[in-house]
Amino acid sequence: MKQTVVLKVDSQQPDIEKVQVAASIIREGGLVAFPTETVYGLGADALNPKAVLALFKAKKRPLDNPPIVHVANVSDVYGLAKRVPLKADKLMREFWPGPLTLVFKRSKTVPDVTVAGLDTIAVRMPQHAVALALIRETSRPIAAPSANLAGKPSPTSADHVFDDLNGRIDAILDGGPTCIGVESTVLDLSADTALVLRPGGTPLEALRRVLGDVKLHPFVAAEKELPLEKTRSPGMKHKHYAPNAQVIVVEGAISAVLAKVKELAESYRLKGVKVGVLATDETLAAYRADVVKSLGSRFNLAVVAQNLFSLLREFDAEDVDVIIAEGVSTEGLGLAVMNRLRKASGYNIVKAG
Ligand code: TXA
Ligand code: MG
């Protein structure tokens, strides 16, 4: 058991001495969690195979699911990728720093373990002063998956990281809550057509405005479990975002959803099951359940995204057995929210109406 040190820093102007402490831990092969604009990441030196192996172990992450490599300058991409297509230049100019991860054919200089033996690498430049300062002070690309135990909801605060990883990692840079709340969009540029492997903080609509032709991998919008051979991103096949409680997602027109959620909540309550309802501001008052929480207004998907993971963790803290969640629109950030909710439910989706 290690002692995990928590270093509190300002999210806009982090104390450089604390960042330097964190950077030297990473340079020496250690593990440091840090905030990004999406979720907290767990960082290791991407070029140090031992450190990256320790990263997988600390998270209990399967070795076939590679982390994203974080950089602080566009020029760093050229050392990691074998080929950077023109499309990528356009996207990096438009969206970096920001919640967009690009998948390239990888350079041989990257250790195999960092890319889980794939011939591609996922890279992004985060838009967060703490993350950027840490990468610069480390002077290395930083491999960083989300800083949760594998399978759990991603952490949007340092407390979430602490709850999952205390004693398993060296330090946490605590820069307060993250602002986007869902992870970056993962866009594969390693083949001819740009393909979204994971919807996230950069909406599909925004990518299409810049690139025109962008396809969605069938897994992304899936409403049921698809056969594994169709996966292109290793992360797709692993269990994800799951709280301890069983999650049921109810989708459809809002009035039908409301009626169905009420009905399900009531029938579980009668069976003596502790029920949580994940509602929205518009419907919150209508429900009776053991625990009812709102994601925010269903017309403000940025707020819904921001609250999603921390509410799933709150339900666990209240020890509910079942979470009945309202679906929201799949436009904009809603696609990322619904992808996480559906996965968290193990595709236990009820169509209302
Ligand atoms: O917002 C984010 O992306 C956060 C912050 C910390 O930057 N990071 C994050 O990392 O969510 P992680 O490891 O939890 O998710 C990375 C995703 C996984 O689904 C993984 O399978 C996929 O990216 N991935 C990584 N390398 C890949 C590759 N070479 N090809 C396809 N998918 C890849
Ligand atoms: Mg993750």
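You'll find the structure just up there.
Here's what I pulled together on the structure shown here. Keep in mind that what you see is a predicted model, and the values were worked out from it rather than measured.

Structural notes on the sheet that holds strand E4 (residues 69-70)
Part 1: As summarised here, the arrangement of the eleven strands in space is E1-E8-E2-E3-E7-E4-E6-E5-E9-E10-E11, forming an open sheet in which the pairing is mixed. Edge positions in the sheet fall to strand E1 (5-8) and strand E11 (214-216), since each has one partner strand and no second.
Part 2: Where E4 meets strand E7 (residues 142-143), two bridges bridge the pair, whose relative direction is antiparallel. Within E7, the residue paired with His70 across the bridge is Ile142.
Part 3: Each of strand E5 (100-105), strand E9 (185-188) and strand E10 (194-198) touches helix H4 (residues 86-95); the most contacted strand, E5, lies at about 160° to it.

Focus: the nonpolar core
Part 1: In terms of nonpolar packing, the biggest core is built from 70 residues, with Leu91, Leu102, Phe104 and Leu187 touching the most fellow members.
Part 2: Counting residues per element, this core draws most heavily on helix H5 (residues 129-138), at six residues.
Part 3: Among residues more than four places away in sequence, those in contact with Leu91 are Trp96, Leu100, Leu102, Leu187, Leu189, Leu207, Val210 and Leu211.

Side note on the sheet that holds strand E13 (residues 275-279)
Part 1: Reading across the sheet, the five strands line up as E14-E13-E15-E12-E16 and stay open at both edges, with parallel pairing between neighbours. Sheet topology places strand E14 (291-294) and strand E16 (349-351) at the edges, where each strand pairs with a single neighbour. Averaged over neighbouring strand pairs, the angle between their axes works out to 20° when direction is ignored.
Part 2: Here E13 pairs with E14 via four bridges, running parallel. Bridge assignment links Gly276 to a residue of E14, and that residue is Val291.

Some remarks on the environment of Gly29
Part 1: Its place among the elements puts Gly29 in the loop between helix H1 (16-27) and strand E2 (32-34).
Part 2: Taking the relative accessible area as the measure of exposure, Gly29 reaches 21% and is therefore partly exposed.
Part 3: For Gly29 and Asp64, which are 35 residues apart along the polypeptide, the C-alpha to C-alpha distance reads 21 Å.
Part 4: Residues contacting Gly29, with those up to four places away along its chain left out, are Asn48 and Ala51.

Quick word on unusual backbone geometry
Part 1: For the bond from Trp96 to Pro97, the omega torsion is -10°, close enough to zero to count as cis.
Part 2: Checked against the element boundaries, Pro97 lands in the loop between H4 and E5.
Part 3: The backbone of Asp319 sits at a positive phi, close to 65°, despite the residue not being glycine.
Part 4: Take Asp319: it is sitting in the loop between helix H9 (301-317) and strand E15 (322-326).
Part 5: The phi angle at Tyr347 is positive, at roughly 60°, despite the residue not being glycine.
Part 6: Secondary-structure assignment places Tyr347 in the loop between helix H10 (334-344) and E16.
Part 7: Under the relative-accessibility criterion, Tyr347 is labelled buried at 17%.

Topic: helix H7 (residues 204-211)
Part 1: Within H7, burial applies to Leu204, Ala206, Leu207, Val210 and Leu211. Buried residues in H7, looked at end-on, bunch into an arc of 160°, giving them a common side.
Part 2: Against H4, E5, E9, E10 and E11 lie the buried residues of H7.
Part 3: One or two residues past the end of H7 sits Gly212, with phi positive at roughly 80°.

Conventions used here
- All chains use their own residue numbering, which begins from 1 and follows the written sequence.
- Here every chain gets a letter starting at A, and every ligand a number starting at 1, in the order they are written.
- Under the rules for a predicted model, residues below a pLDDT of 70 receive no local features and side-chain atom pairs below 80 are neither given nor counted, while totals for whole chains, interfaces and linings still include all residues.
- Computation of side-chain values: all heavy atoms of the structure, hydrogens and water removed.
- We treat two strands as partners when DSSP finds at least two bridges between them.
- Secondary structure follows DSSP: runs of H or I at least 4 residues long count as helices, runs of E at least 2 residues long count as strands, and numbering of each begins at the N terminus.
- Any pair of residues with heavy atoms lying within 4.5 Å of one another is described as a contacting pair.
- Think of each axis as a best-fit line through the C-alpha atoms, taken over the contacting stretch in the case of a helix, with angles from 0 to 180 degrees between the N-to-C directions.
- To form a nonpolar core, buried Ala, Val, Leu, Ile, Met, Phe, Trp, Tyr and Cys residues must be joined to one another through side-chain atoms within 4.5 Å.
- Only protein chains enter the accessibility calculation, which uses a 1.4 Å probe. A residue is then buried if its area is under 20% of the maximum for its type, exposed if over 50%, and partly exposed in between.
- For this quantity, the arc is that covered by the directions from the helix axis to the C-beta atoms.

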